[in-house]
Amino acid sequence: MAATCPKCGGKLKITDWKPDCPHCGVNMVYYGMEERLLLDADKAEAEHARMQPRVDRLKASFIGSKLAIARIVFSFIPILGVLLPLAKFSFNAPFAAADVANVNAISIYTLISEHLDFDALLSMLGSEVFGTTFIFFAASLVCLLLSVVGILAHLILLTLACSPKGKARNMTLGIINILLPVISCVLFYLFSQNIMALFPSVVTASSIGWGIFVYIGLLVVSLVVDMLTFKQGIDVKYKPCFVGNIPAEEYFKLVDDGVPLEKIRAVMAERTAEKEAEEAAAEAEKETVNA
């Protein structure tokens with residue numbers, strides 16, 4: 001496609017390398033630059049006006065009220081619950097004295113990172129004798145880990161708590177985070193009953209630890225604080241935004257209504273003149289008071 005002059009529309013040849021149009025003589029580099037700068041400025045202000053409400057909602061989600069601040073704390077505290085004893089095994093290993101093993105997040109991490117043999121675990125899962133038992137154990141562990149991931153997701157999604165779907169999102173995730181460790185407890189109970197039946201001389205007792213109940217209780221408290229925060233409500237303080245001295249809401253409405261750019265520019269000029277007049281009047285009043 002051949003290049004054309006932005007003013008007269010005349011076609012340019014390859015030899016027309018100078019900035020001046022050979023047809024009308026206008027400087028094609030600087031022609032319309034002022035309008036382009038205005039368009040760029042309007043675009044930047046419009047993007048800022050679209051982003052600012054999101055920033056205001058994010059800020060309100062964290063420090064919009066005392067309950068909002070408390071919600072952050074109570075949303076994080078349940079993570080500490082997985083460090084408590086979640087389960088307990090009492091066993092008599094061959095040629096060894098009776099021992100008791102407590103299970104928490106640290107011991108689970110150590111088991112997975114240092115001692116767990118995935119090939120052996122897969123073989124057990126496929127075994128007719130051990131398969132069901134270790135499926136209960138694996139599913140219980142997965143539910144517990146998913147609940148921890150859910151807590152982290154809830155903390156991240158607090159940034160969107162004041163968005164239109166923030167309440168439904170938080171409530172749903174909070175309920176899921178409570179149900180996961182409850183399901184984990186049921187699955188672990190089934191696992192413990194089976195493992196004691198399979199190895200009665202080795203595993204003498206297997207029970208759910210008190211820490212899991214504290215963990216679930218902390219998740220319930222977190223959900224209650226979340227509910228109270230939504231019930232009280234958060235007053236989001238939106239920062240006024242302008243595009244060419246036109247309030248952002250009014251500017252976007254003009255654009256959506258298909259108002260020509262020339263008319264929008266006229267409104268901008270009118271609002272700019274009004275603002276300058278107000279500033280001049282305020283400055284004159286200030287000088288009068290100082291005098």
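Refer to the preceding data block for the structure.
Turning our attention to the overall build of the protein chain. Summing up its helical and strand segments, the protein chain has ten helices and five strands in all. Within the protein chain, the proportion of its 291 residues that are buried is 30%. Working note: accessible area of the protein chain is about 18,600 Å², and carbon and sulfur atoms make up 66% of it.

The next subject is the side chain of Ser163. Looking at the element boundaries, Ser163 is found in the loop between helix 6 (131-157) and helix 7 (166-198). Within the local environment of Ser163, its side chain forms a polar contact with the backbone oxygen of Leu160, the two atoms lying 2.5 Å apart. Leave out the neighbours within four places in its chain, and Ser163 touches Arg57 and Arg169.

This part covers the side chain of Arg265. Within the element layout of this structure, Arg265 appears in helix 10 (residues 261-290). For Arg265, a relative accessible area of 16% translates into the label buried. Of the polar contacts made by the side chain of Arg265, one reaches the side chain of Asp42; its length is 2.5 Å. Filtering out sequence-adjacent residues up to four positions away, Arg265 remains in contact with Glu35, Leu38, Leu39 and Asp42.

All right, on to a nonpolar patch on the surface then. On the surface, Phe76, Leu80, Leu83 and Ile106 cluster together into a nonpolar patch covering about 390 Å² of accessible area. Assignment of secondary structure puts Leu83 in the loop between helix 3 (78-81) and strand 1 (87-92).

Further remarks concern the layout of surface pockets. Vacant regions in the atomic arrangement are exposed by a probe of water-molecule size rolled over the atoms. Counted as a void, the second largest pocket has a volume near 180 Å³. Taken together, Asp56, Lys59, Ala60, Ile63, Gly64, Asp235 and Lys237 form the lining of the second largest pocket. Looking at side-chain class alone, the lining of the second largest pocket contains two nonpolar, one polar and four charged residues.

Turning our eyes to something else, we now look at the packing of helix 9 (residues 248-256) against helix 10. Relative to each other, helix 9 and helix 10 sit at 160°, their axes nearing to 11 Å. Taken together, helix 9 and helix 10 sit at an angle that is classed as roughly antiparallel. Pair helix 9 / helix 10 crosses with right-handed handedness. In contact with Glu250, Tyr251, Leu254 and Val255 of helix 9, helix 10 contributes Ile264, Val267, Met268 and Arg271. Here the contact of helix 9 with helix 10 is built from residues that sort into six nonpolar, no polar and two charged.

Under the definition given, this model contains one aromatic pair. Relative to Phe252, the ring of Tyr251 has its centre 5.7 Å away and its plane inclined at 65°; by these criteria the two rings are edge-to-face. The exposure class of Tyr251 is buried, given its relative accessible area of 12%. Positioned above the aromatic ring of Phe230, the side-chain terminus of Arg71 is 5.4 Å from the ring centre.

The rules we used
- Chains are numbered independently. Their residues run from 1 in the order of the written sequence.
- Local features in this predicted model are restricted to residues of pLDDT 70 or higher, and side-chain atom pairs are both shown and tallied only at a pLDDT of 80 or more, whereas totals for entire chains, interfaces and linings draw on every residue.
- Hydrogens and waters are ignored; side-chain quantities use all the structure's heavy atoms.
- Here a helix means four or more residues in a row that DSSP labels H or I, a strand means two or more in a row labelled E, and each is numbered from the N terminus.
- Residue burial is assigned from relative accessible area. The probe radius is 1.4 Å, only protein chains are included, and a residue is buried under 20% of its type maximum, exposed over 50%, and partly exposed in between.
- What sets the accessible areas is the Shrake-Rupley method with a 1.4 Å probe; for residues, cover comes only from the shown protein chains.
- Residues adjacent in sequence count toward polar contacts only when both atoms are side-chain atoms; beyond that, a polar contact is any pair of N or O atoms within 3.5 Å, and within protein one must be able to donate a hydrogen and the other to accept it.
- By definition in these notes, contact holds between two residues if any of their heavy atoms fall within 4.5 Å.
- Each patch is assembled from residues with relative accessible area greater than 30% and no salt bridge, linking like charges that lie within 9 Å and nonpolar side chains (Val, Leu, Ile, Met, Phe, Trp, Tyr) that lie within 5 Å.
- Whenever Lys or Arg places a side-chain nitrogen within 4 Å of a carboxyl oxygen from Asp or Glu, that contact is recorded as a salt bridge.
- Only protein atoms enter the 1 Å grid, on which a cavity is a set of points fitting a 1.4 Å probe that cannot get out and a pocket is an open set with protein on both sides within 12 Å along at least 5 of 7 lines, lining residues being those with an atom within 4 Å of a point.
- Grid points are joined across faces, edges and corners, and a volume is the space filled by probe spheres set on the points.
- Each residue gets one of three labels, nonpolar for Ala, Val, Leu, Ile, Met, Phe, Trp, Tyr, Cys and Pro, charged for Asp, Glu, Lys and Arg, and polar for the others, Gly among them.
- Geometry is summarised by axes, namely lines fitted to C-alpha atoms with helices restricted to the contacting stretch, and by angles between N-to-C directions that run from 0 to 180 degrees.
- Oblique is the label for any angle not under 35 degrees, not over 145, and not in the 65 to 115 range, which are roughly parallel, roughly antiparallel and roughly perpendicular in turn.
- Crossings are classed by handedness, with left-handed meaning an anticlockwise turn of the near helix from the far one by less than a right angle and right-handed meaning a clockwise turn.
- The criterion for an aromatic pair is that two Phe, Tyr or Trp rings (for Trp, the six-membered ring) have centres within 6.5 Å, with stacked assigned to planes under 30 degrees apart, edge-to-face to planes over 60 apart and tilted to the rest.
- Charge-over-ring placement is defined geometrically: NZ (Lys) or CZ (Arg) within 6 Å of the ring centre, and within 35 degrees of the ring normal.

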